[in-house]
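One letter stands for each residue in the lines below.
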Amino acid sequence: MTAKKQVPIIEGLFTWPSDKPQLIASRCKKCGTVTFPKAAFCANPSCEKVRENVEQIKLSNKGKLWTWTVQQYAPPAPFRKEPLPFQPYAIGMVDTEEGLRVLGILTSNDNLKIGMTLEMTTGKLYEDAEKEYITWMWKPV
Ligand SMILES: [Zn+2]
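Presented here is a report on the structure given in the accompanying data block. Computed from a prediction, not measured in an experiment: that's the story for all the values here.

**A few points about the overall build of the protein**
- Counting its regular elements, the protein contains zero helices and nine strands.
- In the protein, the succession of helices and strands from N to C terminus is β-β-β-β-β-β-β-β-β.
- Taken along its principal axes, the extent of the C-alpha atoms in the protein is 50 × 35 × 30 Å.
- Of all 141 residues assigned to the protein, the portion counted as buried reaches 38%.
- For the protein, the share of sequence-separated contacts (at least 6 apart) that also reach a separation of at least 24 residues comes to 53%.
- Surface accessibility of the protein: about 8,600 Å² in total, with carbon and sulfur atoms responsible for 53%.
- With 19 positive and 15 negative side-chain charges, the protein shows a spacing of 3 Å between the two charge centroids.

This is the structure:
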C-alpha cells in the first residue's frame, strides 16, 4: 500500500511540512494586534487599514486550554473527521502566548483540564482517494 500524499486543508494556516508545526498569523506593526488566520489588514477597528503595517508571524506552538467540549455526533457536511465510523472527539479553545484564543481539535478526550498546557501538532482531518488532508490540532503535554 502506498502512503497517500499529505496536504494541509488550506495553504498558509500553519507551517507545512514541519517537525515543529506553528500556526501562521499576522501582526500589526503599529498597534501589535495579532490575527489568526493571517489577515491583509489590521483587525483593530481603531487602527489604520494599511497593508504595509501587517507582517506575517508564527505563533508559539504552546497554549493553555481555556475551555473544551466533546463532539458526540458526526458534524454535518461538508465537515468531516476521520477515522470512520464516527468517534467522539474533543474540541478546545486554546489561549496562545500571543493572546489569541484559537479553536482546534484536541488529540485526546481524556484527562482534559482547563488551564492545562497544550502543544500544537497536526493530524488527519479526512482523506479522499489520493490525499490525506491535514489540519492543526492541540496535544496535551
Ligand atoms: Zn493595528
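**Re the pattern of salt bridges**
- In total, this model carries nine salt bridges according to the counting rule given.
- The closest approach of N and O atoms between K30 and E48, which form a salt bridge, is 3.6 Å. Of this pair, K30 sits in the loop between strand 2 (24-28) and strand 3 (34-35) while E48 sits in the loop between strand 3 and strand 4 (54-58), and the two are 18 residues apart along the sequence.
- Among the salt bridges present, the one from D95 reaches R101, with a minimum N-O distance of 2.6 Å.
- R101 gets classed as partly exposed once you look at its relative accessible area, which sits at 40%.

**Regarding the layout of surface pockets**
- By volume, the largest pocket amounts to about 500 Å³.
- Lining the largest pocket are 19 residues; nearest its centre among them are F79, Y89, I105, L125 and T135.
- Only strand 6 (89-96), strand 7 (101-106), strand 8 (117-127) and strand 9 (131-140) provide two or more residues apiece to the lining of the largest pocket.
- Element by element, the count of residues in the lining of the largest pocket is highest for strand 7, at three residues.
- For the lining of the largest pocket, the residue count by class is 14 nonpolar, three polar and two charged.

**Description of the coordination of the zinc ion**
- Protein coordination of the zinc ion is provided by C28 (SG), C31 (SG), C42 (SG) and C47 (SG), with donor distances spanning 2.3 Å.
- Taken together, the four donor atoms surrounding the zinc ion define angles of 103 to 112° at the centre, an arrangement classified as tetrahedral.
- Mapping the donors of the zinc ion onto the primary sequence gives the spacing C-x2-C-x10-C-x4-C.

**Focus: the pairing of strand 6**
- Of the pairings in the sheet, the one linking strand 5 (residues 62-71) to strand 6 comprises eight bridges and is antiparallel in character. Note that in strand 6 the partner of G63 across the bridge is T96.
- Counted along the chain from strand 6 to the antiparallel partner strand 7, the turn is four residues long, and its residue G99 has a positive phi close to 90°.

**A word on the environment of A90**
- With respect to the helices, strands and loops of the structure, A90 is situated in strand 6.
- A relative accessible area of 0% means that A90 is categorised as buried.
- Counting along the chain gives 73 residues from A90 to P17, while the straight-line C-alpha distance between them is 24 Å.
- With near-sequence residues (within four places) excluded, A90 lies in contact with T69, V70, G104, I105, L106, S108, N109 and L112.

Quick notes on the rules
Residues numbered from 1 in each chain as written. Predicted model: local features only at pLDDT ≥ 70, side-chain atom pairs only at ≥ 80, totals over all residues. Heavy atoms only, no water. Helix = DSSP H or I, 4+ residues; strand = E, 2+ residues; numbered from the N terminus. Buried < 20%, exposed > 50% of the residue type's maximum accessible area, 1.4 Å probe, protein only. Contact = heavy atoms within 4.5 Å. Areas by Shrake-Rupley, 256 points an atom, 1.4 Å probe, with all protein chains shown as cover. Lys, Arg positive; Asp, Glu negative; His and termini not counted. Charge placed at Lys NZ, Arg CZ, Asp CG, Glu CD. Salt bridge = Lys/Arg side-chain N within 4 Å of Asp/Glu carboxyl O. 1 Å grid on protein atoms, 1.4 Å probe; cavity = no way out; pocket = protein on both sides within 12 Å on 5 of 7 lines; lining within 4 Å. Points joined across faces, edges and corners; volume = space filled by probe spheres on them. Nonpolar A, V, L, I, M, F, W, Y, C, P; charged D, E, K, R; others polar. Donors = N, O, S within 2.8 Å, 3.2 Å for Na, K, Ca; no water. Tetrahedral: all angles 85-135°; square planar, octahedral: opposite > 155°, others 65-115°. Pairing = 2+ DSSP bridges.

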